[in-house]
Amino acid sequence: MNSLFWERAHGGLTHLPIALNFAAAFFDALAFFCRRSPKRAEFKAIGYWLIILGALGSFGAVFSGLVLSKGVIGGSGAVLRHHYFVWPAFTLIVGLATWRFLVGRDPSRRAFTMYLATMLVGCSLMGAAGFFGGEMLLGH
């Protein structure tokens, strides 16, 4: 398969997990801050499934990115900056989803606070990785 296929595949495979992970953070934050809401359990359930689906989807994004880079982790310029952010983001998101799967939908308040703080870091890293991915497309 040619490079154009993998460029398009990578572009297509990255956006859904990014959206799912940001949406998971949003619904989990709603669950955290809306403790008296009758929808709190629903927000937690939505966040739970979105982080798991987002993490699973990120494997396709990573695989297609590795094919594009011919297995090289690092590189130079925008590729290197992309990799500086994408690997920690990927690790955090998969780790958070794994933890959430093992703990279930209703972790303790303290654990959920730590989860949300780490999710904020993961989403920030993912945003930066996406920014530098876009920079590669634009040739900057």
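Now for a description of the structure that goes with this document. (Residues numbered from 1 in each chain as written. Predicted model: local features only at pLDDT ≥ 70, side-chain atom pairs only at ≥ 80, totals over all residues. Heavy atoms only, no water.)

**Some points on the nonpolar core**
Line of reasoning, step 1. I51, I93, F112, Y115 and M119 are the most contacted members of the largest nonpolar core, which has 25 residues in total.
Line of reasoning, step 2. Secondary structure elements with two or more residues in this core: α1 (3-33), α2 (40-68), α3 (77-103) and α4 (109-138).
Line of reasoning, step 3. Excluding its chain neighbours within four sequence positions, the residues that come into contact with I51 are N21, A24, I93, A97, R100, Y115 and M119. (Core = buried A, V, L, I, M, F, W, Y, C linked by side-chain atoms within 4.5 Å. Buried < 20%, exposed > 50% of the residue type's maximum accessible area, 1.4 Å probe, protein only. Helix = DSSP H or I, 4+ residues; strand = E, 2+ residues; numbered from the N terminus. Contact = heavy atoms within 4.5 Å.)

**Observations concerning a nonpolar patch on the surface**
Line of reasoning, step 1. On the surface, W49, L53 and L56 cluster together to form a nonpolar patch covering roughly 320 Å² of accessible area.
Line of reasoning, step 2. By the element assignment, L56 lies in helix α2.
Line of reasoning, step 3. Judged by its relative accessible area of 55%, L56 falls in the exposed class. (Patch = residues over 30% accessible without salt bridge, like charges linked within 9 Å, V, L, I, M, F, W, Y side chains within 5 Å. Areas by Shrake-Rupley, 256 points an atom, 1.4 Å probe, with all protein chains shown as cover. Salt bridge = Lys/Arg side-chain N within 4 Å of Asp/Glu carboxyl O.)

**Quick word on the packing of aromatic side chains**
Line of reasoning, step 1. Throughout the structure, instances matching the rule amount to 13 aromatic pairs.
Line of reasoning, step 2. For the pair F26 and F27, a centre-to-centre distance of 5.3 Å together with 80 degrees between the ring planes defines the contact as edge-to-face.
Line of reasoning, step 3. Judged by its relative accessible area of 48%, F26 is partly exposed.
Line of reasoning, step 4. Taken together, a centroid distance of 5.6 Å and an interplanar angle of 25 degrees make the contact between W99 and Y115 stacked. Of this pair, W99 sits in helix α3 while Y115 sits in helix α4, and the two are 16 residues apart along the sequence.
Line of reasoning, step 5. For W99, a relative accessible area of 28% translates into the label partly exposed.
Line of reasoning, step 6. Aromatic ring contacts, followed pair by pair, group F32, F33, W99, F112 and Y115 into a single cluster.
Line of reasoning, step 7. Geometry around F112 places K44 over its ring, the cationic atom sitting 4.9 Å from the centre.
Line of reasoning, step 8. One residue, R109, lies across the ring of F32, its end atom 3.9 Å from the ring centre. (Phe/Tyr/Trp six-rings, centres within 6.5 Å; stacked < 30°, edge-to-face > 60°. Lys NZ or Arg CZ within 6 Å of the ring centre and 35° of its normal.)

**Observations concerning the environment of L96**
Line of reasoning, step 1. Take L96: it is sitting in helix α3.
Line of reasoning, step 2. For L96, the contacting residues outside a window of four places in its chain are Y115, T118 and M119.

**Quick word on unusual backbone geometry**
Line of reasoning, step 1. We note that K70 has phi near 55 degrees; this positive angle belongs to a residue other than glycine.
Line of reasoning, step 2. The topology assignment puts K70 in the loop between α2 and α3.

**Some details on the packing of α2 against α3**
Line of reasoning, step 1. Two numbers describe how α2 lies on α3: the axes approach to 9 Å, and their chain directions differ by 140 degrees. Our pair here, α2 against α3, has a crossing hand that is left-handed. Between α2 and α3, the residues in contact are K44, G47, Y48, I51, I52, A55, S58, F59, V62 and L66 and W87, F90, I93, V94, A97, R100 and F101, respectively.
Line of reasoning, step 2. Grouping the constituent residues of the contact of α2 with α3 by class yields 13 nonpolar, two polar and two charged. (Axes fitted to C-alpha atoms, helices over the stretch in contact; angles between N-to-C directions. Left-handed = near helix turned anticlockwise from the far one by under 90°. Nonpolar A, V, L, I, M, F, W, Y, C, P; charged D, E, K, R; others polar.)

**Quick word on the layout of surface pockets**
Regions of empty space are outlined by a rolling probe, equal in size to a water molecule, passed over the atoms.
Line of reasoning, step 1. For the largest pocket, the calculated volume is near 850 Å³.
Line of reasoning, step 2. Contributing elements (two or more residues each) for the lining of the largest pocket: α1, α2, α3 and α4.
Line of reasoning, step 3. Residues that form the lining of the largest pocket fall into these classes: 16 nonpolar, 14 polar and two charged. (1 Å grid on protein atoms, 1.4 Å probe; cavity = no way out; pocket = protein on both sides within 12 Å on 5 of 7 lines; lining within 4 Å. Points joined across faces, edges and corners; volume = space filled by probe spheres on them.)

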